[in-house]
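Report on the structure
Now for the letters of each chain:
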Amino acid sequence: MSDQASNPTPLRTGIPASGLDLRCVGAHPDYWYPVAWSDELKRGRALGRRFAGQPVVLYRGGSGQVFALEDRCAHRQVPLHLGVVCGDELKCHYHGWTYDGDGQCVDVPYLGKERLPNGVRSYPAREIDGLIFIFPGDPVLAENRLPGPLGSSQRKDYKTRRLNREVACHYTFMHENLFDMNHQFMHRKQMGSIRARCIGRQHGEHWAQVEYTFSRTEGKPSVGERVIVDLIRKRKQPAKHFSDHMRIRTDYPSQSLRVWVGRDIDASQDPVLDVWLCYTPLDGEQRSNRTFGYLSVKKPPIPGLIHAVWPFVVWFTDNIFREDQDIVEYEQRAHDAQGADWNNEIFPAIRDLRDVLARSGRPMSRGGADRT
Ligand code: FES
Ligand SMILES: [Fe+2]
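Residues numbered from 1 in each chain as written. Chains lettered and ligands numbered in written order. Predicted model: local features only at pLDDT ≥ 70, side-chain atom pairs only at ≥ 80, totals over all residues. Heavy atoms only, no water.

**Re the confidence of the model for the protein**
Looking at the protein, pLDDT values average 88 and 84% of them are 70 or higher. Note that pLDDT drops below 50 for residues 1-11; the model gives that stretch 3 contacts with residues more than four away or on any other chain. (pLDDT = per-residue confidence, 0-100. Contact = heavy atoms within 4.5 Å.)

**Quick word on the packing of helix α2 (residues 171-179) against helix α6 (residues 348-360)**
Taken N-terminus to C-terminus, the directions of α2 and α6 make an angle of 155°; their axes are 10 Å apart at the nearest point. Relative to α6, α2 is oriented roughly antiparallel. In this structure, α2 meets α6 at a crossing whose hand is right-handed. Packed against α2, whose contacting residues are T172, H175, E176 and F179, the element α6 presents A349, I350, L353, R354 and L357 at the interface. (Axes fitted to C-alpha atoms, helices over the stretch in contact; angles between N-to-C directions. Helix = DSSP H or I, 4+ residues; strand = E, 2+ residues; numbered from the N terminus. Parallel < 35°, antiparallel > 145°, perpendicular 65-115°, else oblique. Left-handed = near helix turned anticlockwise from the far one by under 90°.)

**Notes on α6**
If you check α6, its first and last C-alpha atoms are 18 Å apart, about what 13 residues at 1.5 Å a residue would give, namely 18 Å. Regarding α6, the residues found buried are A349, I350, D352, L353, R354, V356, L357, A358 and S360. (Expected span 1.5 Å × (residues − 1). Buried < 20%, exposed > 50% of the residue type's maximum accessible area, 1.4 Å probe, protein only.)

**Notes on the coordination of the iron ion (ligand 2)**
Listed as protein donors to the iron ion (ligand 2) are H183 (NE2), H187 (NE2), D324 (OD) and D324 (OD); their distances from the metal cover 2.0 to 2.4 Å. Every donor counted, the 4 donor atoms about the iron ion (ligand 2) form angles of 57 to 149° at the centre, which fits irregular coordination. Between consecutive donor residues of the iron ion (ligand 2), the sequence gaps follow H-x3-H-x136-D. With H187 in the loop between α2 and α3 (188-191) and D324 in helix α5 (residues 305-338), the pair connects residues that are 137 residues apart, well separated along the chain. (Donors = N, O, S within 2.8 Å, 3.2 Å for Na, K, Ca; no water. Tetrahedral: all angles 85-135°; square planar, octahedral: opposite > 155°, others 65-115°.)

**As for the pattern of salt bridges**
A side chain of one charge can pair with a side chain of the opposite charge when the charged atoms of the two come close. According to the stated counting rule, one finds 21 salt bridges in the structure shown. Where R72 meets E70, a salt bridge forms, and the shortest distance between an N and an O atom there is 3.2 Å. R359 serves as the salt-bridge partner of E205, at 3.9 Å between the closest nitrogen and oxygen. One end of the pair, E205, is in the loop between β14 (193-203) and β15 (207-218); the other, R359, is in helix α6, with 154 residues separating them in the sequence. What emerges from the salt-bridge pattern is a single network uniting R23, E176, D341 and R354. (Salt bridge = Lys/Arg side-chain N within 4 Å of Asp/Glu carboxyl O.)

**Remarks on the environment of R290**
For R290, the position within the fold is in strand β19 (residues 289-298). Between the C-alpha atoms of R290 and A168, which are 122 residues apart in sequence, the distance is 8.7 Å. If we skip the residues at most four places from it in the chain, R290 touches N164, R165, E166, C278, Y279, T280 and L282. Only 2.7 Å separates the side chain of R290 from the side chain of N164, close enough to count as a polar contact. (Polar contact = N/O pair within 3.5 Å; in protein donor to acceptor, adjacent residues only side chain to side chain.)

**Here we look at the sheet that holds strand β5 (residues 66-70)**
If you walk across this open sheet you meet the 4 strands as β3-β4-β5-β10, and the pairing is antiparallel. Edge strands, defined here as strands with exactly one partner in the open sheet, are β3 (46-51) and β10 (122-123). In terms of strand pairing, β5 meets β10 through 2 bridges, oriented antiparallel. Its bridge partner being in β10, A68 is matched across the sheet by Y123. (Pairing = 2+ DSSP bridges.)

**Re empty space enclosed by the protein**
Counted under the stated rule, the structure contains 2 cavities of 30 Å³ or more. Looking at the second largest cavity, its volume works out to about 170 Å³. What lines the second largest cavity is a set of 14 residues, and nearest its centre among them are R165, M174, T291, F321 and D324. Of all the secondary-structure elements, those providing two or more residues to the lining of the second largest cavity are β13 (158-167), α2, β18 (273-281) and α5. Partitioned by chemical class, the residues of the lining of the second largest cavity number 8 nonpolar, 4 polar and 2 charged. (1 Å grid on protein atoms, 1.4 Å probe; cavity = no way out; pocket = protein on both sides within 12 Å on 5 of 7 lines; lining within 4 Å. Points joined across faces, edges and corners; volume = space filled by probe spheres on them. Nonpolar A, V, L, I, M, F, W, Y, C, P; charged D, E, K, R; others polar.)

Put into structure tokens, the structure is as follows:
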């Protein structure tokens with residue numbers, strides 16, 4: 001056999017229609033991104049965060065309102081999150097230059113108010129369902145692009161846990177990982193042998209959706225899985241022959257996963273599992289992200305049962321997410337070693353998704369700067 005035949009040139013079947021390397025497409029700044037949990041930011045306190053390499057200081061003023069400014073004093077560039085919150089203003093730790101919530105410099109203690117220098121950039125900031133979001137792009141667009149409710153996280157008939165972890169990969173790997181349920185094999189220790197079957201896909205300009213049913217081919221469900229899908233739904237079918245319906249959807253830039261019991265979705269029925277996720281890029285090259293999310297499980301009718309089994313749910317989902325984190329970080333390292341996206345993506349739903357992500361994001365040049 002010739003070298004050519006034994007080592008064929010890989011087919012690059014997953015390149016988005018645009019021809020872009022998806023890992024060089026930045027998260028588009030004209031959307032809202034979560035940067036902190038509301039309860040991480042107490043009144044009168046400041047917090048330093050990042051969005052795609054931009055340092056951002058969040059502070060909660062005396063009124064309780066959250067403000068977001070560039071985390072860099074206009075004077076000598078030190079982080080403003082070291083400073084002191086005074087009313088609804090933030091005073092730099094070094095010489096006390098003071099900024100209001102719009103980033104205007106409103107006081108330089110040793111100069112007087114008549115010779116005030118330029119201030120710093122401000123970002124629209126909003127608290128939604130326990131998360132602090134900022135809008136890093138054109139502020140004119142912010143109001144019309146506010147996210148809706150974050151899954152079922154605020155509903156009393158669901159029990160909800162937070163998902164919160166820093167992952168060393170481009171945010172697009174996160175979208176693809178969740179979207180592609182053909183990777184259940186990797187979770188075999190947690191889930192046993194589950195087979196996902198794609199039963200439909202749809203997409204639009206800035207969204208993509210895929211639906212699956214599942215069946216168990218062998219083995220038994222783990223405790224955590226049994227809790228989420230067997231116990232809560234009081235499944236009549238033996239665990240061997242179940243059939244559930246999962247819908248995963250990217251609504252740029254966030255993602256959701258919902259599971260209904262039974263083969264067909266009854267729109268009047270609540271999902272038994274409702275997950276909302278958003279991946280906020282951290283560094284300038286967007287090689288890392290913070291995943292913020294809520295995982296909500298519909299409470300079973302027996303009072304207190306959900307609380308009794310909750311530690312198993314947390315343990316089970318932590319294991320699953322840890323496996324996912326490990327593999328997407330491997331993907332990122334492979335991309336970095338190869339210097340390009342060599343993925344051979346053959347699953348049509350993922351190709352739809354990759355096109356949505358390429359279309360919705362903003363190309364970066366290597367090194368992390370926006371090309372536009
Ligand atoms: S560096 Fe901020 S006031 Fe001087
Ligand atoms: Fe997974």
